Protein chains: 2
Amino acid sequence: MKHPYPNPLPDRERGIHYLWLNSEEPSMNEFSFIKKLSKSIKTDRSVIVGIGDDTAVLRYKKDRYLLFTTDMIVEGTHFLIKSATPYQIGWKAMAVNLSDIAAMGGLPKWAVVSLAGPFRRGGRWKEFVWEVYRGMSAVGKKFGVQIVGGDTDKADRWTINIAMLGEVERKYLKLRSGAKIGDSVFITGSLGGSIHGKHLTFTPRVKEARYLVTHYPVTSMMDLSDGLASDLRRIMEQSKVGFLIDEKKMPLSRYAKDTQSAFRDGEDFELLFTLPKSAAEKLEKDINWVHLIGEVIPASQGLRMRDRAGQVKSIIWKGFEHF
Amino acid sequence: MKHPYPNPLPDRERGIHYLWLNSEEPSMNEFSFIKKLSKSIKTDRSVIVGIGDDTAVLRYKKDRYLLFTTDMIVEGTHFLIKSATPYQIGWKAMAVNLSDIAAMGGLPKWAVVSLAGPFRRGGRWKEFVWEVYRGMSAVGKKFGVQIVGGDTDKADRWTINIAMLGEVERKYLKLRSGAKIGDSVFITGSLGGSIHGKHLTFTPRVKEARYLVTHYPVTSMMDLSDGLASDLRRIMEQSKVGFLIDEKKMPLSRYAKDTQSAFRDGEDFELLFTLPKSAAEKLEKDINWVHLIGEVIPASQGLRMRDRAGQVKSIIWKGFEHF
């Protein structure tokens, strides 16, 4: 499926406005619809966080929360049979869920797998399914998640859904809603160009996230799945803050075309997190796999970028009907 | 998708052999493949039951187990847009999972929903999705399950995956593996012809299952999803027993064509359970929504039926390559 690429918007306010379009991003239309739908969902006090973060957070034990998440990947949308190996498809299906558990500061525990596809008499589906399973299993084992159930069905296109349970000590739970004005903004790894391969082979940041939440006063965290600009918007919305991102500090992957690509490209599956400025210095000194990319500013200022020339610009995120 | 209908096998041993074919049933080929795959999966002691029962059973709290299950329904395989309303599709997606939790003797708690489909610009997908959600929500509320998360994606065909968590007190957990020789075999409701509508509108037997496990010494239980003959085979395999079913006691639904249809038709979503003969009499007297249909016999005797004339026949279940 092809998507129109961004056209620059006319200048407005001070500075140039960018139009970030993301082919993985639901349209505002869908956003508002899903928001309306979510609001109609009533939950009781067992549900600490329902729809709207990387995973659901459930009250279940005294000292720990249960984390519950689900992700579906569909042939043609999230991978192509032509360019992805079955092993990579399995890896990705599991890794995207692991990334969600990581984003909460949690540890993955159990997974159930639904697999639908064009099983055919005497076909090569066994080889395919075995390889998908090998990929799932490889990344699952790496992070201690156990496959405990599943479902197989016929479908025209290969479709894999994994639902995962994890847990997190109450004190280490990180949400999208905790960012404070003045906090520093960090990411792990580099940004952009994931479509050239990383999205099929990435290592979910489970260990990095655990290290961060157990050693630093992280105030908010999420995984980068829909593109930096879109994902920053999510923290902005949940934390009621704005962001100022420093262009020259953005670590572009060697596959990223440019800054726009780093803002827009989805499926980086890195961590995006905030913590107080006072802790940021120590973090930058101690760890070389994180990058300070900006700071948290008041919500009224929205999403901004300081470009290489030192000029501050507003970034307009505008969705479009990709359906 | 059309599937060949059963041709009678030549007579063998004593009695006539039936060939039960079930279009929902994976072939023996797929069975053995999935068994091989499952066996390669190692789990630790937190996993009481992994792949092979209605839900996974997880050790998590002192007095209660966590139940974890997933089911995917796919347009063209499990429902047709032409003949099912979106409300019914949502209902079914949720109800099949509720039925799995019920089959363990458990109570449903939380669900996450993945929904993929042909979202199109300006299309009628909002109406569709809203109605799907209404259906899910209606049956979910009835049994106290809360929707706490989800995922939406593009796909050519509507595909819904729900993963559900439930819990069960340790003493009330029922598996497929507890049937004992001499036990009586019961089902709730009636059998066959679900394709004529029941599969889209059925009430999952959550309340019935809880009543049974809290009042009677049930030894094994499962939900009827793939057809009585296939599902009996599953208890046979897990409990290492055989079954003798009494044809004249089988409660045929008014949509069932005949006994074969009652054995073969999938998606009844009734409970199939066993308990000691000593408790069976009281159960039959006390409750009018259960039906005694047979007894548990040694594994060596396999699956048998006493026909209306009193003759005992072997029932051969033979899968076929439906993929």
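Residues numbered from 1 in each chain as written. Chains lettered and ligands numbered in written order. Predicted model: local features only at pLDDT ≥ 70, side-chain atom pairs only at ≥ 80, totals over all residues. Heavy atoms only, no water.

Draft legend 1. Main features of the sheet that holds strand β6 (residues 146-154) of chain A. All names here are of chain A. Here six strands make up an open sheet; going across it, the order is β2-β3-β4-β7-β5-β6 and the pairing mixed. Since the sheet does not close on itself, it has two edges, and those belong to β2 (47-49) and β6, each with one partner. Ignoring which end each strand starts from, the neighbouring axes of this sheet average 20° apart. Where strand β4 (residues 64-74) and strand β7 (residues 159-169) come together, 11 bridges link them in antiparallel fashion. Directly across from D71, in β7, lies its bridge partner I162. (Pairing = 2+ DSSP bridges. Helix = DSSP H or I, 4+ residues; strand = E, 2+ residues; numbered from the N terminus. Axes fitted to C-alpha atoms, helices over the stretch in contact; angles between N-to-C directions.)

Draft legend 2. Highlighting the interface of chain A and chain B. Residue-level contacts link 70 residues of chain A with 70 residues of chain B. Taken together, both faces of the contact between chain A and chain B bury some 6000 Å²; the carbon and sulfur share is 66%. Our count for the contact surface shared by chain A and chain B stands at two salt bridges. Between D156 of chain B and R157 of chain A there is a salt bridge, and its shortest N-O distance comes to 2.8 Å. At the boundary of chain A and chain B, one finds 24 residue pairs in polar contact (both at pLDDT 80 or more). Secondary structure elements with two or more residues in the side of chain A that touches chain B: α1 (28-39), β3 (56-59), β4, β5 (107-117), α3 (125-142), β6 and β7 of chain A. (Contact = heavy atoms within 4.5 Å. Buried area = accessible area lost by both parts, 1.4 Å probe. Salt bridge = Lys/Arg side-chain N within 4 Å of Asp/Glu carboxyl O. Polar contact = N/O pair within 3.5 Å; in protein donor to acceptor, adjacent residues only side chain to side chain.)

Draft legend 3. Structural detail: the sheet that holds strand β3 (residues 56-59) of chain B. Residues and elements named next belong to chain B. The mixed open sheet is built from six strands, whose spatial order is β2-β3-β4-β7-β5-β6. Each edge of the open sheet carries a strand with a single partner, namely β2 (47-49) and β6 (146-154). Across the sheet, the axes of successive neighbouring strands diverge by a mean angle of 20°, strand direction being ignored. Here strand β5 (residues 107-117) pairs with strand β7 (residues 159-169) via nine bridges, running antiparallel. Each residue of the ladder has a partner; that of W110, found in β7, is L165.

Draft legend 4. Molecular detail of the confidence of the model for chain A. Residue and element names in this part refer to chain A. Of all residues in chain A, 87% attain a pLDDT of 70 or more, and the chain-wide mean is 86. The model gives residues 1-26 a pLDDT under 50, and that stretch makes 75 contacts with residues more than four places away or in other chains. Confidence over residues 319-323 falls short of pLDDT 50; this stretch has 25 contacts with residues more than four positions distant or in other chains. As scored by the predictor, the complex reaches a pTM of 0.89 and an ipTM of 0.88. (pLDDT = per-residue confidence, 0-100.)

Draft legend 5. A look at empty space enclosed by the protein. For the coordinates displayed, the defined rule picks out two cavities of 30 Å³ or more. Within this model, the largest cavity holds a volume of roughly 80 Å³. Along its surface, the largest cavity is lined by V74, E75, A155, D156, R157 and T159 of chain A together with V74, A155, D156, R157 and T159 of chain B. Here the lining of the largest cavity is composed, by residue class, of four nonpolar, two polar and five charged. (1 Å grid on protein atoms, 1.4 Å probe; cavity = no way out; pocket = protein on both sides within 12 Å on 5 of 7 lines; lining within 4 Å. Points joined across faces, edges and corners; volume = space filled by probe spheres on them. Nonpolar A, V, L, I, M, F, W, Y, C, P; charged D, E, K, R; others polar.)

Draft legend 6. The packing of aromatic side chains, seen in detail. One pass over the structure, following the stated rule, counts 20 aromatic pairs over all chains. The ring of Y60 of chain B is capped by K61 of chain A, whose NZ or CZ atom sits 4.2 Å from the centre of that ring. The positively charged end of K109 of chain B is found above the aromatic ring belonging to W110 of chain B, 5.1 Å away from the centroid. (Phe/Tyr/Trp six-rings, centres within 6.5 Å; stacked < 30°, edge-to-face > 60°. Lys NZ or Arg CZ within 6 Å of the ring centre and 35° of its normal.)

Draft legend 7. Representation of the domain arrangement of chain A in the model. Residue and element names in this part refer to chain A. In terms of domain boundaries, chain A breaks down into domain 1 (18-27 + 174-317) and domain 2 (43-170). Taken together, the contacts link 23 residues of domain 1 with 30 residues of domain 2. Between domain 1 and domain 2 lies a buried interface of about 2100 Å² when both sides are counted; carbon and sulfur atoms form 57% of it. Sorting the residues of domain 1 by area buried against domain 2 places L200, V206 and R210 first, and these three jointly supply 30% of that buried surface. With a shortest N-O distance of 2.9 Å, E169 and R210 are connected by a salt bridge. Across the contact surface, domain 1 and domain 2 share 10 residue pairs in polar contact (both at pLDDT 80 or more). Listed by contribution, the elements that provide at least two residues to the side of domain 1 that touches domain 2 are α4 (198-201), α5 (206-215) and β9 (220-223). Broken down by element, the side of domain 1 that touches domain 2 gets its largest block of residues, five residues, from α5. For the side of domain 1 that touches domain 2, the per-class residue count stands at 11 nonpolar, four polar and eight charged. (Domains from an automatic or database assignment.)

Draft legend 8. Structural context of the side chain of D246 of chain B. Mapped onto the elements, D246 of chain B comes out in strand β10 (residues 241-246). Once residues lying within four places of it in the same chain are set aside, the contact partners of D246 of chain B are I293, G294 and R306 of chain B.

Draft legend 9. The arrangement of the packing of helix α2 (residues 86-103) of chain B against helix α3 (residues 125-142) of chain B in detail. Residues and elements named next belong to chain B. Put simply, α2 and α3 touch, their axes get as near as 6 Å, and they point 40° apart. For the element pair α2 and α3, the recorded crossing hand is right-handed. Each of P86, Y87, I89, G90, W91, M94, A95 and L98 in α2 lies in contact with α3, whose residues at this interface are F128, E131, V132, R134, G135, M136, A138, V139, G140 and K142. In terms of residue class, the contact of α2 with α3 is built from 12 nonpolar, three polar and three charged. (Left-handed = near helix turned anticlockwise from the far one by under 90°.)

Draft legend 10. Summary view of the relation of the copies chain A and chain B. Expressed as a screw operation, the relation of chain A to chain B combines 0.0 Å of axial shift with a rotation of 180°, fitting to an RMSD of 0.0 Å. These values place the two chain copies in the arrangement generated by a two-fold rotation axis. For chain A, the minimum C-alpha distance to the rotation axis belongs to A163 of chain A and amounts to 3.1 Å. Most of the interface of chain A is mirrored in chain B, where 100% of its interface residues are also at the interface. (Least-squares fit on C-alpha atoms with pLDDT ≥ 70 in both.)

Draft legend 11. Inspection of unusual backbone geometry at higher detail. All names here are of chain A. Notably, K240 is not glycine yet its phi reads approximately 55°, a positive angle. Mapped onto the secondary structure, K240 falls in the loop between α6 (228-239) and β10 (241-246). Accessibility expressed as a relative area gives 62% for K240, which makes it exposed. Of note, the phi angle at E267 is positive, near 60°, even though the residue is not glycine. (Buried < 20%, exposed > 50% of the residue type's maximum accessible area, 1.4 Å probe, protein only.)

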